[in-house]
Amino acid sequence: MIRRVSVIIFICVFAFLTGCDSNQYAIERQYWQVQKQAEKIFKNPHASPPKELERVVKLLNSFTQKHPKSNLSIESEFTIARLYIVKKEYNKARTQLRRLLDKYSKSETVCSEAIFLIGNSYEIEDKWNLALEQYKKIMQEYPTTLRGLDIPIYIAQHYKIKYQPDKMVVAFQEAINHYKALANRYPNSSLSYRTDTLVAQCYIALKDWNNAIGTFNTILETYKGKVRMDGVLMEMALIYSRELKDKVKASEVLERLIREYPKSRLIKTATVLLKEW
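Residues numbered from 1 in each chain as written. Predicted model: local features only at pLDDT ≥ 70, side-chain atom pairs only at ≥ 80, totals over all residues. Heavy atoms only, no water.

Peer 1: What am I meant to see in the layout of surface pockets here?
Peer 2: Any space left empty among the atoms is revealed by the rolling of a water-sized probe across them. In this structure, the largest pocket occupies an estimated 230 Å³ of space. Contributing to the lining of the largest pocket are 15 residues, with Lys-180, Ala-183, Asp-196, Thr-215 and Thr-218 lying nearest its centre. Those elements that place two or more of their residues in the lining of the largest pocket are α9 (165-185), α10 (190-205) and α11 (209-223). It is α11 that contributes the most residues to the lining of the largest pocket, six residues altogether. Looking at the lining of the largest pocket residue by residue, the classes come out as six nonpolar, seven polar and two charged. (1 Å grid on protein atoms, 1.4 Å probe; cavity = no way out; pocket = protein on both sides within 12 Å on 5 of 7 lines; lining within 4 Å. Points joined across faces, edges and corners; volume = space filled by probe spheres on them. Helix = DSSP H or I, 4+ residues; strand = E, 2+ residues; numbered from the N terminus. Nonpolar A, V, L, I, M, F, W, Y, C, P; charged D, E, K, R; others polar.)

Okay, here's the thing in structure tokens:
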């Protein structure tokens, strides 16, 4: 949960920060060497003495200062926060993350990740209300980021793990409303396709099979020709068969999958299921 923020994501999103460094390989190797030191703490935080943490934090800060335009400097700064979290130095972690919020205030991706880790630090401390405040902030201020799209379901899953079914149901309903509002704000876009898919996932989590099917049908009508629909059709067929016990509809959907996507990787599975049904 807190171990990594993908370097690949930062490479894509923060390419504008990357300068034409004369020796990018040397920079990457230097970062790799520092990261190896950090990994030792991540693997066994309880056995790592405070001085070792201080030493590695200094190395990471030094890397950032030497290569401020490298995308890896952002990863380095996040690594410091994650180190503080695994060492249970939560106030230091939050201070580091707030520095990132100030430094990269124009980057929605960095800000959403920083706020998530602040919330995560509270969650680890079993301060859920404070964590929830941070997660809600992501939904409100950075709803279209990857973290912003994930967080409504993350909240609902928290209640599921904690065996709080009533709160889980409410959270999934809030997630559905949130995703539908985003879809309405960005109609017929890649974002609305993603949010519609997330709505379907929420209905499946709630075992609301009819609304899940209805959402999938809307996706088929809206995005056919823009996005491959063989996966959606397979999902629908499985719901019809296993949950709604409607083998006729399930077979019709599979036949449509085979007809419209003859080269799909799902053809073999669809054919086998048709024979079984």
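Peer 1: Would you mind going over the packing of aromatic side chains with me for this structure?
Peer 2: Each pair of aromatic rings is reported with the distance of its centres and the angle of its planes. Enumeration over the complete set of coordinates arrives at seven aromatic pairs. Seen from their ring centres, Tyr-31 and Phe-63 are 5.3 Å apart, and the 50 degrees between their planes marks the pair as tilted. Of this pair, Tyr-31 sits in helix α2 (residues 24-43) while Phe-63 sits in helix α3 (residues 50-66), placing them 32 residues apart in sequence. A ring pair is formed by Trp-128 and Tyr-159, whose centres lie 5.7 Å apart and whose planes are at 80 degrees; its orientation type is edge-to-face. (Phe/Tyr/Trp six-rings, centres within 6.5 Å; stacked < 30°, edge-to-face > 60°.)

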